[in-house]
Amino acid sequence: MADYGAEEENRQGGERRMVIQPTSLEDPKLIKLKEVLVEWINKTLKVEHIVVRSLEEDLYDGLVLHHLLRRLAGAQLHVEEIALSTEAQVRKLEVILTALNETLELNEEKAKWSVKLIHSRDLLATLHLLVALASRFQPDLVLPVVSVEVVQCEVTKNGIKADKQTEIITFQSNSSAELERESNKECPIDELFKLEAHKIETVKKAILHFVNKNMSSLGLNVTDLDKQFADGVILLLLIGQLEDFFIPLSEFFLCPVGSSEMLHNVTLAMDLLIDQGLPVQSVDPQDIVSQDVPATVKVLYYLFKRHKNK
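If you check an unreviewed UniProt entry, the protein chain appears there as Gamma-parvin from Cirrhinus molitorella. Word for word, the UniProt comment on the protein chain under Sequence similarities (unreviewed entry) is "Belongs to the parvin family."

**Student:** Help me understand the overall build of the protein chain, please; the structure alone is not making it clear to me.
**Tutor:** The helix and strand inventory of the protein chain stands at 14 helices and four strands. For the protein chain, buried positions account for 46% of its 310 residues. Considering only contacts within the protein chain whose residues lie at least 6 apart along the sequence, 59% involve residues at least 24 apart. Accessible area of the protein chain: about 16700 Å², with a carbon and sulfur share of 52%.

**Student:** What should I look at first to understand unusual backbone geometry in this one?
**Tutor:** The bulk of non-glycine residues show a negative phi, and the bulk of peptide bonds are trans. Phi is positive for Glu105, which is not a glycine, with a value near 55°. Looking at where Glu105 falls in the secondary structure, it is placed in the loop between helix 5 (86-103) and helix 6 (115-119). Phi is positive for Gln291, which is not a glycine, with a value near 65°. With respect to the helices and strands, the residue Gln291 is situated in the loop between helix 13 (285-289) and helix 14 (293-307).

**Student:** Teacher, can you tell me more about the nonpolar core here?
**Tutor:** The biggest cluster of nonpolar side chains holds 48 residues, and the ones touching the most others in it are Leu37, Ile41, Val64, Trp113, Leu129, Leu130 and Ile169. Those elements that place two or more of their residues in this core are strand 2 (15-20), helix 2 (28-44), helix 4 (63-73), helix 5, helix 6, helix 7 (123-137) and strand 3 (146-156). Considering every element that reaches this core, the biggest residue donor is helix 7, with nine residues. Once you skip the residues sitting within four places of it in the chain, Val64 turns out to touch Ile41, Leu45, Ile50, Val52, Asp58 and Leu59. Judged by nonpolar contacts, the second largest core, of 38 residues, contains Ile234, Leu272, Val283 and Tyr301.

**Student:** Sorry, what's going on with helix 4 here?
**Tutor:** Residue pairs spaced three or four apart in an α-helix point in one direction, given the helix's 3.6 residues per turn. Every buried residue of helix 4 is accounted for by Leu63, Val64, Leu65, His66, His67, Leu68 and Leu69. Tucked inside the fold, the buried residues of helix 4 contact helix 2, helix 3 (55-58), helix 5, helix 6 and helix 7. At the C-terminal side of helix 4, Gly74 shows a positive phi close to 70°.

**Student:** Just checking my understanding: could you explain the packing of helix 11 (residues 233-243) against helix 14 for this structure?
**Tutor:** Describing two packed helices takes the angle between their axes plus the distance from one axis to the other. Their axes nearest at 11 Å, the elements helix 11 and helix 14 cross at an angle of 15°. Our classification of the angle between helix 11 and helix 14 gives roughly parallel. The interaxial crossing formed by helix 11 with helix 14 has left-handed handedness. Residue-level inspection shows Leu235, Leu238, Ile239, Leu242 and Glu243 of helix 11 in contact with helix 14, the latter providing Val299, Leu300, Leu303, Arg306 and His307. Partitioning the contact of helix 11 with helix 14 into residue classes produces seven nonpolar, one polar and two charged.

**Student:** Sorry, what's going on with a nonpolar patch on the surface here?
**Tutor:** A cluster of nonpolar residues, Phe246, Leu249 and Leu254, forms a patch on the protein surface that exposes about 350 Å² of accessible area. Relative to the helices and strands, Leu254 is located in the loop between helix 11 and helix 12 (259-275). Its relative accessible area of 46% is what places Leu254 among the partly exposed residues.

**Student:** How do you make sense of the side chain of Thr44 when you look at a structure like this?
**Tutor:** Mapped onto the fold, Thr44 is located in helix 2. Judged by relative accessible area, which is 16%, Thr44 ranks as buried. At 2.8 Å, the side chain of Thr44 and the backbone oxygen of Trp40 are in polar contact. If sequence neighbours within four positions are ignored, Thr44 has contacts with Leu68, Arg71 and Leu72.

The rules we used
Residues numbered from 1 in each chain as written. Predicted model: local features only at pLDDT ≥ 70, side-chain atom pairs only at ≥ 80, totals over all residues. Heavy atoms only, no water. UniProt positions renumbered as here; feature names shortened; annotations may be inferred. Helix = DSSP H or I, 4+ residues; strand = E, 2+ residues; numbered from the N terminus. Buried < 20%, exposed > 50% of the residue type's maximum accessible area, 1.4 Å probe, protein only. Contact = heavy atoms within 4.5 Å. Areas by Shrake-Rupley, 256 points an atom, 1.4 Å probe, with all protein chains shown as cover. Core = buried A, V, L, I, M, F, W, Y, C linked by side-chain atoms within 4.5 Å. Axes fitted to C-alpha atoms, helices over the stretch in contact; angles between N-to-C directions. Parallel < 35°, antiparallel > 145°, perpendicular 65-115°, else oblique. Left-handed = near helix turned anticlockwise from the far one by under 90°. Nonpolar A, V, L, I, M, F, W, Y, C, P; charged D, E, K, R; others polar. Patch = residues over 30% accessible without salt bridge, like charges linked within 9 Å, V, L, I, M, F, W, Y side chains within 5 Å. Salt bridge = Lys/Arg side-chain N within 4 Å of Asp/Glu carboxyl O. Polar contact = N/O pair within 3.5 Å; in protein donor to acceptor, adjacent residues only side chain to side chain.

Below, the structure written as structure tokens:
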């Protein structure tokens with residue numbers, strides 16, 4: 001069973017425990033944060049065929065954390081792949097969290113997680129740990145700003161002292177703040193379209209070459225940037241190729257009929273790009289459907305910028 005608080009020893013040897021209030025557990029921002037972290041873990045571990053569905057239930061035994069640390073930091077740890085007993089799981093977590101704290105350059109006393117907390121399926125500690133990992137290894141991952149109301153219970157020589165307080169899980173992260181600023185900046189493509197026509201064509205040819213290079217494995221070829229992205233199909237397939245994930249065919253219209261189905265496809269593509277940290281919030285999906293060239297090229301430019309050296 002999941003635990004929704006965090007517990008630690010205080011300097012006097014007693015225990016201090018923080019329990020998330022039930023109202024905070026229903027906070028849409030907290031729910032969204034959990035969803036983003038699950039998606040991030042699953043994308044990171046996709047090649048290892050590991051699927052996480054619950055942060056509370058799937059991380060306590062150390063298996064997922066072990067694979068995450070290996071994929072993100074290249075850590076090679078001598079631990080059991082699958083630890084079945086409680087004792088084996090605790091031993092495994094001790095090794096993993098020691099290596100994780102060293103990787104994060106974090107003193108164990110300052111960490112908001114511990115072997116005991118993670119193994120007890122403590123949600124608050126698990127969130128703190130995953131946010132720290134994501135911030136270090138994928139700073140462009142956009143996390144919602146989340147704080148929760150907790151009750152801190154402390155065992156003292158005079159009894160139990162309870163105190164309500166706010167626990168911050170994520171700040172206004174640099175990535176989300178910078179993403180917002182970046183999206184509002186004038187894109188180089190905006191500047192480009194103020195230049196001569198031949199310079200515009202040179203850039204479009206470079207982007208076209210990039211697109212076709214990454215679409216060749218699907219047997220597709222783009223000849224007209226201005227028109228072929230309007231229905232969103234090729235854009236979605238390109239995103240899947242570049243970001244290395246499969247978009248179920250049930251999620252979009254492979255042969256869209258009418259502007260509403262085209263808009264559905266393009267809107268889905270834009271949402272995926274924003275989720276992946278690309279600053280395209282300023283692009284209106286309707287502009288791409290309407291074959292607005294600067295809008296289309298701007299989106300492709302950001303994909304090109306991220307993946308051109310891969």
